[in-house]
Amino acid sequence: MMKTFKIGGVHPNDNKISRNCAIEVLPLPQTVFISMAQHLGAPAKPIVAVGDQVKAGQVIAEPGGFISAYVHSSVSGTVKSVAPRKDLSGNLMTHVEIAVEGDEWAEGIDLSDTLVTEIPTDKAETLKKIQMCGVVGLGGATFPAHVKLNPAPGCKAECLILNGAECEPFLTSDNRIMIEKSKEIVIGAAIMKMVLGGCPAVIGIEENKPEAISAMSKAVAELGYEGISVMKLKKKYPQGGEKQLINAVMKREVKSGGLPISVGAVVQNVATSLAVYEAVQKNKPLVTNTMTITGDCLPVEKQHNYLFRIGMPLSYIAEYAGGIPEGAAKIVSGGPMMGKAISNLDACTVKGSSSLLYLSEAFTKRKEASACIRCGKCADACPMGLEPFLLNKLAKNAMMDELEARSIQDCISCGCCQFTCPANIPLLDTINIAKGQVMGIMRARAAAAKAAAEAAKAAPQK
Amino acid sequence: MDITIIWTIVVITLLGVTLAAVLFLVARKFRVEEDPRIDEIEKLMPGANCGGCGFAGCRAFADSCVKAGNLDNNFCPVGGNETMKQVAAVLGCAAVEQAPKVAVIRCNGSCANRPKVNEYDGLATCRVKAALYSGDTGCAYGCLGCGDCVAACENDALKMNPETGLPELDEEKCGACGKCVKACPKGVIELRNKGPRGMRVYTSCVNKDKGPAVKKACAAACIGCGICAKTCTHGAIVLENNVAYIDYTKCKLCRECEALCPTGAIHGVNFPKPLDKDAIKARIKARNEKAKEVQE
């Protein structure tokens, strides 16, 4: 029997229309705008000035904190400006504007297709390389990879899980790289395995990607690294959620507020594995990624999987792909379940960009909400075992203590509750806001407790 | 039969008397001495329990006043100076006068001034909208138009104007409790001094972007040109983050800034006469020429 996670989950139509579109390389635009916030954590600090000449793969920004990442130039050219610019949702973020001149790469970067199968043995050096190349998790959260691959002392990784679930409908970029770059991904897994101390690695792929499963299995068999296996998973959303995938693969549950490493798991996306391979074996920083151009109102022949460089304006990509289709009511970056609606097409691609999704009005328009009849469907669908209908009510009445007692902080914002609600109640909208407030309260409390503990420690010394 | 009834009456009566005596004694022994002035002050309060004073309700405010024994840090914005005078009389201390305040909505972004660039289809509250993105207009700072302030107002002073898409304030009803200020995720609403006879001048914009970007987003926004700050003879206007802020404690209501503002972002309200731009401009010109002469 195929494995999947235990509680909750929904089955949206997977709509993988672009699954057979091979990855194409996008030509370079005239200008790129590279954002300083391409990762979870503190924004990076730019280290280039206007007028500087940069090459592709050159560092242009340094990490702004412990949880932060290097940012590299994706093109060669001249820095035109370092200024705030609107991102996807219209909020300002510092971008480095580079006018493209030719396509010259920084020294030491291997751009050839030759496979480097030899796995390095120096852990610290490999981690350093991953960090210097600005590799972040490409599954959606863009958490800096070197932080996750370096568990806190006392924690031991027992299993590396490669996330090839791609449970979001429409998206096919992970599917394509698993088919076209399967060997590179497996080598990347072997490298991460070595860094984590040789724990077994499992590549979890949902059943709706048979080509990817066979390609990956073949690559694993041909390369012959020890302890790497492919696991076919039953199709269910949100299988690609970290905690859900751990539950599906290892049958373990991460407790509330815990990190995956507490149950011995490290989860990385297959695209991250590819980025790790390129960083460690080819010295190539994370400046390219794959994105899907798809949607329910886009004809099949206009659907694509593109290899893009970070900083390309979305409008440029949309135009190159044939313009915005007629009948598109909403453009989404990411999948239809968790993606973000794009309000500003002048925004640029970032490391974690995964799609340009055109949705028709019929697909995306919200229906009018009616009253909750407490049918409990949302509670059944919640993969974290929460009661969204109750959280919604508590949130509306701002009952923070009760919300915390009902574990609102465990919500992963997957949207299963809202997807399944027969009354079309916008549950996630309210819950997301309340979650932010509750987590703010919890953080403030933790900070106060820490300060009090430090004060108590300092007092006897006086 | 009769005896049973009589006994019942006797027993119940005795029981009642005994328990009443116990209750009386307990109430005496454990009585909480409360200053009668608390009740007195509470009666003077508007009774809205709005929390505008910073306390949980009117009684909590009264309690705090009596405990402090003075009114230095206590002020009921809804009751205003009149109520506070009465409270001061009860406490036998000096009343602290505060200029009456009023909520001011600092956004000009009506549908005509600030065209929509996308359509919002999510939950219609400003809070959710602000958490999702910068809003359905080109301006990332102004009113989001979902009416969280209207929902927060307990005095029924705010109404959404469907034509402009902005909230409108009924000054008579506004108690300056500050609930709308807290409810607005964009910080558009400010409590400002009501001014003499309600006259006040303020910048009706909070957009911190630079001029060209602001102009593109909204026709009546503050573009941060600084003409007002340069002209103001009272030093009341500060240009910060590309927005001119008028300090209501320094403003002398001369309306020169309002006349000069190229976009009409500065508003003067409740003035008896309409703004005579030409007269004011002539006045400024004459003053500048005079200053030049003096310099020469």
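Each chain carries its own residue numbering, running from 1 in the written order of its sequence. Written order decides the labels, with chains lettered from A and ligands numbered from 1. In keeping with the model being predicted, local features are shown solely for residues with a pLDDT of at least 70 and side-chain atom pairs are shown and tallied solely at 80 or more, while totals for entire chains, interfaces and linings include all residues. To obtain the side-chain values, all non-hydrogen atoms of the structure were included, while hydrogens and water were left out.

1. Observations regarding the overall build of chain B
Okay, step 1: Each helix and strand counted, chain B has 11 helices and eight strands in total.
Okay, step 2: We compute the radius of gyration over the C-alpha atoms and compare it with the globule rule, which gives 2.2 Å times the number of residues raised to the power 0.38. Compactness check: chain B gives a C-alpha radius of gyration of 28 Å against a globular reference of 19 Å for 296 residues, more than 25% above the reference.
Okay, step 3: Overall size of chain B, expressed as C-alpha extent along the three principal axes, is 110 × 55 × 30 Å.
Okay, step 4: Once local pairs closer than 6 in sequence are excluded, the contacts in chain B between residues at least 24 apart make up 57%.
Okay, step 5: Total accessible area on chain B is roughly 17,100 Å²; 57% of this is exposed by carbon and sulfur atoms.
Okay, step 6: Under this rule, positive means Lys or Arg and negative means Asp or Glu; His and the chain ends count for nothing. Every charge is mapped to an atom, namely NZ of Lys, CZ of Arg, CG of Asp or CD of Glu. Considering chain B, the positive charge centre built from 39 side chains and the negative charge centre built from 33 side chains are found 6 Å apart. Only runs of H or I of at least four residues qualify as helices and only runs of E of at least two qualify as strands under DSSP, and these elements are numbered from the N terminus. The contact criterion used throughout is that any non-hydrogen atoms of two residues lie within 4.5 Å. Only the protein chains shown count as cover for residues, and the accessible areas themselves come from Shrake-Rupley with a 1.4 Å probe.

2. Re the overall build of chain A
Okay, step 1: Across its full length, chain A carries 14 helices and 17 strands.
Okay, step 2: The C-alpha radius of gyration computed for chain A amounts to 22 Å, which stays within 12% of the reference 23 Å derived for 462 residues, consistent with globular compactness.
Okay, step 3: Along the longest, intermediate and shortest principal axes, the C-alpha atoms of chain A span 70 × 60 × 50 Å.
Okay, step 4: In chain A, buried positions account for 54% of the 462 residues. We call a residue buried when its accessible area falls under 20% of the maximum for its residue type, exposed when it is over 50%, and partly exposed in between, using a 1.4 Å probe and counting protein chains only.

3. Here's the deal with the interface of chain B and chain A
Okay, step 1: Opposite the 15 residues of chain B that make contact, chain A presents 15 residues.
Okay, step 2: What gets called buried area is simply the loss in accessible area from a 1.4 Å probe that two parts show on being joined, summed for both. Of the roughly 1,200 Å² buried between chain B and chain A on both sides combined, carbon and sulfur atoms contribute 49%.
Okay, step 3: Of all residues in chain B, Asp121, Leu123 and Arg127 of chain B give up the largest surface area on contact with chain A, accounting jointly for 39% of the area buried on that side.
Okay, step 4: Salt bridges are identified by distance alone: a Lys or Arg side-chain nitrogen within 4 Å of an Asp or Glu carboxyl oxygen. In this structure, the connection of chain B to chain A is made through two salt bridges.
Okay, step 5: Polar contacts, as used here, are pairs of N or O atoms within 3.5 Å; protein pairs need one atom able to donate a hydrogen and one able to accept it. Residues neighboring in sequence count only if both atoms are side-chain atoms. Taken together, the connections running from chain B to chain A amount to five residue pairs in polar contact (both at pLDDT 80 or more).

4. Focus on the pattern of salt bridges
Okay, step 1: Summed over all chains, the structure comprises 30 salt bridges over all chains.
Okay, step 2: The partner of lysine 284 of chain A in a salt bridge is glutamate 278 of chain A, and the shortest N-O contact between them spans 3.6 Å. Here lysine 284 of chain A and glutamate 278 of chain A have matching classes, each one buried.
Okay, step 3: With its nearest N and O atoms 2.8 Å apart, the salt bridge here joins arginine 255 of chain B to glutamate 258 of chain B. Across the pair, glutamate 258 of chain B and arginine 255 of chain B agree in class, each one buried.
Okay, step 4: One network of salt bridges, with partners in common, ties together Glu34, Asp39, Glu42 and Arg59 of chain B.

5. Considerations on the sheet that holds strand 5 (residues 59–62) of chain A
Residues and elements named next belong to chain A.
Okay, step 1: Two strands are said to pair when DSSP picks up at least two bridges between them. The three strands are arranged 3-5-6 in an open sheet whose pairing can be described as antiparallel. Each edge of the sheet is formed by a strand with only one pairing partner; in this case those strands are strand 3 (45–46) and strand 6 (71–72).
Okay, step 2: Relative to strand 6, strand 5 runs antiparallel, the two sharing two bridges. If you follow alanine 61 over to strand 6, its bridge partner there is valine 71.

6. What about the confidence of the model for chain B?
Okay, step 1: Within a predicted model, pLDDT stands for the predictor's per-residue confidence, ranging from 0 to 100. Model confidence for chain B is summarised by a mean pLDDT of 90, while 100% of its residues fall at 70 or above.
Okay, step 2: Taken over the whole predicted complex, pTM reads 0.85, whereas the ipTM for its chain interfaces reads 0.85.

7. Quick notes on helix 11 (residues 388–396) of chain A
Okay, step 1: Across the nine residues that make up helix 11 of chain A, a large majority, seven, are buried.
Okay, step 2: Looking one or two residues beyond helix 11 of chain A, the residue adopting positive phi is alanine 398 of chain A, at roughly 55°.

8. Overview of the packing of helix 2 (residues 36–44) of chain B against helix 3 (residues 58–68) of chain B
Residue and element names in this part refer to chain B.
Okay, step 1: Packing of helix 2 against helix 3 leaves a shortest axis separation of 8 Å and a crossing angle of 130°. Considering their axes alone, helix 2 and helix 3 lie oblique with respect to each other. Viewed along their axes, helix 2 and helix 3 form a crossing whose handedness is right-handed. Residues Arg37, Ile38, Asp39, Ile41 and Glu42 of helix 2 touch helix 3, and the partners they reach there are Cys58, Arg59, Ala62, Asp63, Cys65 and Val66.
Okay, step 2: Residues were grouped as follows: Ala, Val, Leu, Ile, Met, Phe, Trp, Tyr, Cys and Pro as nonpolar; Asp, Glu, Lys and Arg as charged; and all remaining residues, including Gly, as polar. Looking at the contact of helix 2 with helix 3, its residues break down into six nonpolar, no polar and five charged. Lines fitted to C-alpha atoms define the axes here, with helix axes fitted over just the stretch in contact, and angles between the N-to-C directions of these axes take values from 0 to 180 degrees. Angular relationships are summarised with four words: roughly parallel below 35 degrees, roughly antiparallel beyond 145, roughly perpendicular across 65 to 115, and oblique for the angles in between. By convention, the crossing between two helices is left-handed when the near helix turns anticlockwise from the far helix through less than a right angle, and right-handed when the turn is clockwise.

9. Remarks on the environment of serine 273 of chain A
Okay, step 1: Here serine 273 of chain A shows up in helix 7 (residues 270–282).
Okay, step 2: For serine 273 of chain A, the residues in contact, after removing those within four places along its chain, are Leu162, Glu184, Ile185, Gly188, Ala189 and Met192 of chain A.

10. As for the sheet that holds strand 12 (residues 265–269) of chain A
Residues and elements named next belong to chain A.
Okay, step 1: One open sheet accounts for four strands, arranged 11-10-9-12; its pairing is parallel. With partners counted over all chains shown, the strands left at the sheet margins are strand 11 (228–233) and strand 12, one partner each. The average angle at which neighbouring strand axes cross in this sheet is 25°, direction not considered.
Okay, step 2: Taken together, the five bridges between strand 9 (residues 159–164) and strand 12 define a ladder with parallel strand orientation. When the sheet's bridge partners are listed, cysteine 159 is paired in strand 12 with alanine 265.

11. Some words on the domain arrangement of chain A
Residue and element names in this part refer to chain A.
Okay, step 1: What counts as a domain boundary in this text is fixed by an automatic or database domain assignment. Taken domain by domain, chain A consists of domain 1 (1–25 + 111–365) and domain 2 (377–461).
Okay, step 2: For domain 1 and domain 2, the distance between their C-alpha centroids amounts to 28 Å.
Okay, step 3: Residue-level contacts link 14 residues of domain 1 with 14 residues of domain 2.
Okay, step 4: Carbon and sulfur atoms make up 65% of the surface buried where domain 1 meets domain 2, a total of about 1,000 Å² over both sides.

12. What about the nonpolar core?
Residues and elements named next belong to chain A.
Okay, step 1: Here, nonpolar core means buried Ala, Val, Leu, Ile, Met, Phe, Trp, Tyr and Cys residues that are tied together by side-chain atoms lying within 4.5 Å of each other. Counting 48 residues, the largest nonpolar core has Val135, Leu149, Ile185, Val186, Ile203 and Ile228 as the members making the most contacts within it.
Okay, step 2: Take this core: its biggest share by element is nine residues, from helix 4 (residues 182–195).
Okay, step 3: Once residues within four sequence positions are removed from consideration, valine 135 is found in contact with Ile130, Pro144, Ala145, His146, Thr272, Ala275, Val276, Ala279 and Leu286.
Okay, step 4: Core analysis: the second largest hydrophobic core is formed by 39 residues, Ala44, Val71, Leu298 and Ala347 among them.

13. Topic: the packing of aromatic side chains
Okay, step 1: For Phe, Tyr and Trp, rings pair up if their centres lie within 6.5 Å, where Trp contributes its six-membered ring, and each pair is then called stacked (planes under 30 degrees apart), edge-to-face (over 60) or tilted (otherwise). Counting across every chain of the model gives four aromatic pairs over all chains.
Okay, step 2: Consider the ring centre and the ring normal. A charge sits over the ring if Lys NZ or Arg CZ is within 6 Å of that centre and within 35 degrees of that normal. Its guanidinium or amino end placed over the ring of phenylalanine 33 of chain A, arginine 85 of chain A lies 3.6 Å from that ring's centre, counting from NZ or CZ.
Okay, step 3: A cation sits over an aromatic face here: arginine 255 of chain B above phenylalanine 271 of chain B, 4.0 Å from the ring centre.

14. Details of the environment of alanine 145 of chain A
Residues and elements named next belong to chain A.
Okay, step 1: The topology assignment puts alanine 145 in helix 2 (residues 145–148).
Okay, step 2: Accessibility expressed as a relative area gives 0% for alanine 145, which makes it buried.
Okay, step 3: Sequence separation between alanine 145 and glutamine 131 is 14 residues; the distance between their C-alpha atoms is 7.4 Å.

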